[in-house]
Amino acid sequence: MASTPLNIRRLQRKLYSRSKQEPEQRFYSLYDKLQRDDILWEAYARCKANKGGAGVDGLTFEMLERGDARQQLLADIKQRLQQGNYQPQPVKRVEIPKDNGKTRCLGVPVIADRIVQMAMTLVMQPIFEPHLHSHSYGYRPKRNAQQAIRWVDMSLKQGYRHVLDADLSGYFDSIPHVPLMQKVGRRISDKTFLGLLKRFIKAPISIPTGKGKQRLIANHQGTPQGGSVSPILALIYLNDFCLKIHHRTPCRIVTYADDFVVLHKQPFTQKQLAWFTQQLAKEGLTLNPEKTHCVDMGQRGSEFDFLGYQLKRVKGYYRGTCYIKVQPSKKSQEKLKNTLRDIVKHRTSHTLDVLVERVNRVLRGWKNYFGQIGYPRKVFFKMDWFLVARFYRWSRSRSQRRSLYLSRDTWDKLRKAGLEYLQPVRVKTL
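Let me sum up the structure you'll find in this document. Keep in mind it's a predicted model, so treat the numbers as computed, not measured. (Residues numbered from 1 in each chain as written. Predicted model: local features only at pLDDT ≥ 70, side-chain atom pairs only at ≥ 80, totals over all residues. Heavy atoms only, no water.)

**Comments concerning the overall build of the protein**
At step 1: Each helix and strand counted, the protein has 15 helices and 11 strands in total.
At step 2: Across its three principal directions, the C-alpha atoms of the protein cover 70 × 60 × 45 Å.
At step 3: Looking at the protein alone, contacts between residues at least 24 apart form 69% of all its contacts between residues at least 6 apart.
At step 4: Of the roughly 23100 Å² of accessible surface on the protein, a fraction of 50% belongs to carbon and sulfur atoms.
At step 5: Side chains of the protein give 77 positive and 36 negative charges; the mean places of these two sets differ by 6 Å. (Helix = DSSP H or I, 4+ residues; strand = E, 2+ residues; numbered from the N terminus. Contact = heavy atoms within 4.5 Å. Areas by Shrake-Rupley, 256 points an atom, 1.4 Å probe, with all protein chains shown as cover. Lys, Arg positive; Asp, Glu negative; His and termini not counted. Charge placed at Lys NZ, Arg CZ, Asp CG, Glu CD.)

**With respect to the packing of aromatic side chains**
At step 1: Summed over all chains, the structure comprises 16 aromatic pairs.
At step 2: Between Y139 and Y256, the aromatic rings sit 6.4 Å apart at their centres with planes inclined by 40°, giving tilted as the arrangement. Note that Y139 is positioned in the loop between α5 (111-128) and α6 (145-157) and Y256 in strand β6 (residues 252-256), a separation of 117 residues in sequence.
At step 3: On the accessibility criterion, Y139 (39% relative accessible area) is partly exposed.
At step 4: Judged by relative accessible area, Y256 falls into the partly exposed class, the value being 24%.
At step 5: Clustering of aromatic rings is evident, with ring pairs tying together Y309, W366, Y369, F370 and F380.
At step 6: Between R143 and the ring centre of Y137, over which it is positioned, the NZ or CZ distance is 5.3 Å.
At step 7: Between K337 and the ring centre of F386, over which it is positioned, the NZ or CZ distance is 5.5 Å. (Phe/Tyr/Trp six-rings, centres within 6.5 Å; stacked < 30°, edge-to-face > 60°. Buried < 20%, exposed > 50% of the residue type's maximum accessible area, 1.4 Å probe, protein only. Lys NZ or Arg CZ within 6 Å of the ring centre and 35° of its normal.)

**What to know about the packing of α5 against helix α9 (residues 191-201)**
At step 1: Running from amino to carboxyl end, α5 crosses α9 at an angle of 135°, the nearest separation of the two axes being 11 Å. By the angle between their directions, the pair α5 and α9 is classed as oblique. Crossing hand, α5 versus α9: left-handed. Facing α5, whose interface residues are D113, V116, Q117, M120 and M124, α9 presents F193, L196, L197 and F200.
At step 2: Taken together, the residues of the contact of α5 with α9 break down into 7 nonpolar, 1 polar and 1 charged. (Axes fitted to C-alpha atoms, helices over the stretch in contact; angles between N-to-C directions. Parallel < 35°, antiparallel > 145°, perpendicular 65-115°, else oblique. Left-handed = near helix turned anticlockwise from the far one by under 90°. Nonpolar A, V, L, I, M, F, W, Y, C, P; charged D, E, K, R; others polar.)

**A word on empty space enclosed by the protein**
At step 1: Within the structure shown, the criterion is met by 2 cavities of 30 Å³ or more.
At step 2: Roughly 70 Å³ of volume is contained in the largest cavity.
At step 3: Considering the residues around the largest cavity, the lining is formed by L132, H133, S136, Y171, A234, L235, L238, N239, C242, T255 and A257.
At step 4: Per-element tally for the lining of the largest cavity: the top contributor is helix α10 (residues 230-248), with 5 residues.
At step 5: When the residues that make up the lining of the largest cavity are grouped by side-chain class, the tally is 7 nonpolar, 4 polar and no charged.
At step 6: Of the voids in this model, the second largest cavity is the one considered here, and its volume is about 30 Å³. (1 Å grid on protein atoms, 1.4 Å probe; cavity = no way out; pocket = protein on both sides within 12 Å on 5 of 7 lines; lining within 4 Å. Points joined across faces, edges and corners; volume = space filled by probe spheres on them.)

**Observations regarding the pairing of strand β1 (residues 91-97)**
At step 1: As paired strands, β1 and strand β4 (residues 205-210) are joined by 2 bridges and run parallel to one another. Directly across from V91, in β4, lies its bridge partner I205.
At step 2: When β1 meets strand β2 (residues 103-108), the two strands line up antiparallel, connected through 6 bridges. Bridge pairing in β2 places E95 opposite C105. (Pairing = 2+ DSSP bridges.)

**Regarding helix α13 (residues 352-370)**
At step 1: With 19 residues, α13 extends 26 Å from end C-alpha to end C-alpha; this agrees with the ideal 27 Å at 1.5 Å per step.
At step 2: Buried within α13 we find L352, L355, V356, V359, N360, L363, W366 and F370. Summarising the axial view, the buried residues of α13 lie within an arc of 140°, below the 170-degree limit, and thus occupy one face. α13 presents D353 and N368 as exposed residues on the side facing more than 90 degrees away from its buried surface.
At step 3: Where the residues of α13 are buried, they touch β10 (309-315), β11 (322-328), α12 (330-343), α14 (377-396) and α15 (410-416). (Expected span 1.5 Å × (residues − 1). Arc of directions from axis to C-beta.)

**Here's the deal with the packing of helix α8 (residues 177-185) against α9**
At step 1: At a minimum axis separation of 11 Å, α8 and α9 run at an interaxial angle of 150°. One element, α8, and the other, α9, form an angle in the roughly antiparallel class. Pair α8 / α9 crosses with right-handed handedness. Contacts from H177, L180, M181 and V184 of α8 reach α9 at L194, L197, K198 and I201.
At step 2: For the contact of α8 with α9, the class distribution of residues is 6 nonpolar, 1 polar and 1 charged.

**Things to note about the layout of surface pockets**
At step 1: Size it by volume and the largest pocket reaches roughly 1600 Å³.
At step 2: Taken together, 39 residues line the largest pocket, and the ones lying closest to its centre are R104, D167, D259, K291 and K331.
At step 3: For the lining of the largest pocket, the elements supplying multiple residues, two or more each, are β1, β2, β3 (162-167), α7 (171-174), β9 (303-306), α12 and α13.
At step 4: Classifying every residue of the lining of the largest pocket gives 15 nonpolar, 10 polar and 14 charged.
At step 5: Of the voids in this model, the second largest pocket is the one considered here, and its volume is about 1300 Å³.
At step 6: Around the second largest pocket, the lining is made up of 35 residues, and of these R46, Q125, Y139, R140 and P141 lie nearest the centre.
At step 7: Per element, the largest residue contribution to the lining of the second largest pocket is 6 residues, and it comes from α5.
At step 8: Partitioning the lining of the second largest pocket into residue classes produces 15 nonpolar, 13 polar and 7 charged.

The following block contains the structure:
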């Protein structure tokens with residue numbers, strides 16, 4: 001990242017260059033880098049930017065910004081690292097509801113553990129970066145989901161029309177610890193560094209039982225999804241599978257964290273699908289049958305969702321032609337609608353200015369994500385109409401006497417109030 005301090009960037013360049021020039025090199029002196037003040041301060045800044053919640057100790061970033069609490073915490077972390085007796089605290093388990101009614105388990109370490117994990121990530125990232133699969137786009141510097149979608153779109157145009165849209169079942173929670181440490185040990189031989197990493201991934205899990213009490217359970221597999229070091233570990237563990245497909249098959253694979261698609265010019269056979277399942281089973285991973293399916297994108301009307309986007313083959317403007325239309329998926333549209341419903345409610349005490357400010361924050365993020373690629377114009381208009389209708393109904397229900405404020409020139413009045421539409425709106429002139 002461009003805002004990374006110069007000294008840290010120099011260190012990362014050295015590690016990256018050495019790792020790329022000497023692929024068999026094992027790095028043996030890394031633990032002392034974690035004790036550097038600049039790395040600890042950068043790790044704290046990144047953890048704070050992620051806006052995570054409190055761990056089992058209840059400490060938040062707002063508390064650390066009072067007085068000299070932040071300096072004391074970093075000094076305590078540095079001292080424990082120097083003494084070599086740093087022990088991670090239990091990981092707080094939080095269940096997040098999903099759209100299908102199920103829950104996703106999220107592990108939240110304490111802030112001190114997150115800082116040390118982020119410091120380890122700053123050191124590990126440049127070592128493993130040169131050896132990661134070229135079309136792995138999740139949790140990597142200067143890579144994003146839009147690049148993954150562009151590569152999938154390009155591959156479809158080049159004839160890789162048969163798609164295996166796959167999803168791993170509980171990937172972060174099912175990574176075996178022993179194979180994971182073996183993969184990390186291929187590049188790192190610092191025993192103190194590896195020992196600290198092992199203690200982090202084996203930290204016990206704290207489950208609330210009510211009345212302020214907690215129950216600790218042992219952690220035998222997986223990495224806490226809320227941990228700072230989990231993303232790089234997830235990339236390292238799945239990398240062997242991606243390279244195997246890239247070198248041993250004529251397929252192309254595009255990955256983003258635990259979501260990936262495999263593209264092939266020929267239809268997938270049962271033998272090939274069984275081989276994919278077998279290779280993942282060797283890694284201790286399984287495919288989610290509910291979210292894994294094969295699609296022939298050469299046929300009109302075929303579609304699949306990936307990273308919130310929908311890729312669909314539709315009829316072209318000229319007779320006998322088709323093209324791949326990339327736009328926000330129906331699931332993404334429904335999520336946005338639910339978010340807007342929660343903000344612009346029929347009965348709320350917030351003023352128009354407050355509602356517009358909250359809605360704009362949501363729309364900016366949605367537009368920045370989906371507006372860079374594909375053909376989102378029609379979906380943007382659809383979402384704008386939905387939002388204007390929400391504001392109109394809110395205006396009519398502000399009091400017992402129905403308001404007529406937004407009954408005429410609704411679009412123009414909301415624009416003058418500061419609402420940022422997804423699609424540009426023509427300004428009304430007198």
